[in-house]
Amino acid sequence: ETGVTQTPRHLVMGMTNKKSLKCEQHLGHNAMYWYKQSAKKPLELMFVYSLEERVENNSVPSRFSPECPNSSHLFLHLHTLQPEDSALYLCASSQVGGQVGLRTGELFFGEGSRLTVL
Amino acid sequence: QQQVKQSPQSLIVQKGGISIINCAYENTAFDYFPWYQQFPGKGPALLIAIRPDVSEKKEGRFTISFNKSAKQFSLHIMDSQPGDSATYFCAARMNSGYSTLTFGKGTMLLVSP
């Protein structure tokens, strides 16, 4: 396995369900991110974990709960979602620190988990 | 102001033509401006990036032009090919320990054969 892998690729859930999205990075990076991608809107940063510590939480509703057990794994726990939460959820990783260059902090994205909330 | 404004929303270019996508920003604290390319069913991938101390960066058929005084930057794709058909996102970032990129809304490019 290489890069950033996300599972499941597609998920359909009811508003009362509890599910989780999983992300795993095989790049040796020390920062991981959750982004939300909706049609005709900019990618929205949801959470950032740097060195396994949550460093940013952009006013995301509590029905989204992230978990980062180690530098290679990231989860997004979902419960009592709303239909407007239907979107593509992208995980990304990057390397924080080290020599600064044009590719410093480059985000490597997974292919995303397409979530539909009924 | 964190917003990055991107235009056009969609673009159709004939094969061999030049594709131009524009972005504008407000926050002068931004110090890194990447462009990401996203194919259907895939996550975005870094295409090319520039820092504000240069006015132009070229990699193959892809060029970023940067105008610091106007707070604008653009992506030029020369000799556009059908394989370039994708969604392109500009982004900007303030110098921080991690990459909190602010993205534009994206431009869907279609290069017709």
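Residue numbering note: each chain is counted from 1, following its sequence as written. All chains are assigned letters beginning with A, and all ligands numbers beginning with 1, in the order in which they are written. It should be noted that, the model being predicted, local features are given only for residues of pLDDT at least 70 and side-chain atom pairs only at 80 or more, the latter also being counted only at that level, while totals for whole chains, interfaces and linings use all residues. To obtain the side-chain values, all non-hydrogen atoms of the structure were used and water was disregarded.

What follows covers the sheet that holds strand β3 (residues 19–25) of chain B. Residues and elements named next belong to chain B. Sheet architecture is open: 5 strands sit in the order β1-β3-β8-β7-β6, paired in antiparallel fashion. Here the strands that pair on one side only, and so sit at the sheet edges, are β1 (4–7) and β6 (56–59). Taking the axes of each pair of neighbouring strands and ignoring which way they run, one obtains an average angle of 15° across the sheet. Where β6 lies against strand β7 (residues 62–67), 4 bridges are found, and the strand directions are antiparallel. When the sheet's bridge partners are listed, Glu 59 is paired in β7 with Phe 62. When DSSP finds two or more bridges between two strands, those strands count as paired. A helix here means a DSSP run of H or I that spans at least four residues, while a strand means a run of E at least two residues long, and both kinds are numbered starting from the N terminus. Axes, fitted as lines to C-alpha atoms, cover a helix only where it is in contact. Angles between the N-to-C directions of the axes lie from 0 to 180 degrees.

The next subject is the interface of chain B and chain A. Taken together, the 23 residues of chain B in the interface contact 29 residues of chain A. Where chain B abuts chain A, roughly 2,000 Å² becomes buried across the two surfaces, and 54% of that area is made up of carbon and sulfur atoms. Here, a salt bridge means any side-chain nitrogen of Lys or Arg that lies within 4 Å of a carboxyl oxygen of Asp or Glu. Summed over the shared surface of chain B and chain A, the number is 1 salt bridge. In this structure, the salt-bridge partner of B:Lys42 is A:Glu111, at a minimum N-O distance of 2.7 Å. Listing elements by their share of the side of chain B that touches chain A, those giving two or more residues are β4 (30–38), β5 (45–50) and β9 (86–94) of chain B. A per-class count over the side of chain B that touches chain A returns 10 nonpolar, 8 polar and 5 charged. Whether two residues are in contact is decided by their heavy atoms, any of which lying within 4.5 Å being enough. Each of two parts loses accessible area, computed with a 1.4 Å probe, when they are put together; buried area is these two losses added. Under the convention adopted here, Pro, Cys and the residues Ala, Val, Leu, Ile, Met, Phe, Trp and Tyr are nonpolar, Asp, Glu, Lys and Arg are charged, and Gly plus all remaining residues are polar.

Here we come to unusual backbone geometry. The omega torsion across A:Thr7 and A:Pro8 is -10°, close enough to zero to call that bond cis. Mapped onto the elements, A:Pro8 comes out in the loop between β1 (4–7) and β2 (10–13). The step from B:Ser7 to B:Pro8 runs through a cis peptide bond, and the omega angle for that step is -5°. Here B:Pro8 is to be found in the loop between β1 and β2 (10–14). Within the chain, B:Lys71 stands out as a residue other than glycine whose phi angle is a positive 55°. Following the sequence through the fold, B:Lys71 ends up in the loop between β7 and β8 (72–77). Positive phi, close to 45°, is recorded for B:Asp79, a residue that is not glycine. Within the secondary structure layout, B:Asp79 lies in the loop between β8 and β9. Residue class for B:Asp79 comes out partly exposed when judged on its relative accessible area of 40%. Partly exposed residues are those whose accessible area sits between 20% and 50% of the maximum for their type, while under 20% is buried and over 50% is exposed, using a 1.4 Å probe and protein chains only.

Here we come to the pairing of β3(B). Across a regular strand the side chains alternate sides, sitting on one face of the sheet and then on the other. Residue and element names in this part refer to chain B. Of the two faces of β3, only the one carrying Ser 19, Ile 21, Cys 23 and Tyr 25 is buried; Ile 20, Asn 22 and Ala 24 on the other face are not. Where β1 and β3 come together, 4 bridges link them in antiparallel fashion. Paired with Val 4 across the bridge in β3 is Tyr 25. Relative to β8, β3 runs antiparallel, the two sharing 6 bridges.

This part covers the state of the cysteines. Residues and elements named next belong to chain A. To count as a disulfide, a pair of cysteine sulfur atoms needs to be within 2.5 Å. For the structure on display, the rule yields 2 disulfides over all chains. Disulfide pairing is shown between Cys 23 and Cys 91; the S-S distance is 1.9 Å. On the S-S bond that ties Cys 23 to Cys 91, the torsion sits near -75°, and the link is left-handed. Of this pair, Cys 23 sits in strand β3 (residues 18–25) while Cys 91 sits in strand β9 (residues 87–94), placing them 68 residues apart in sequence.

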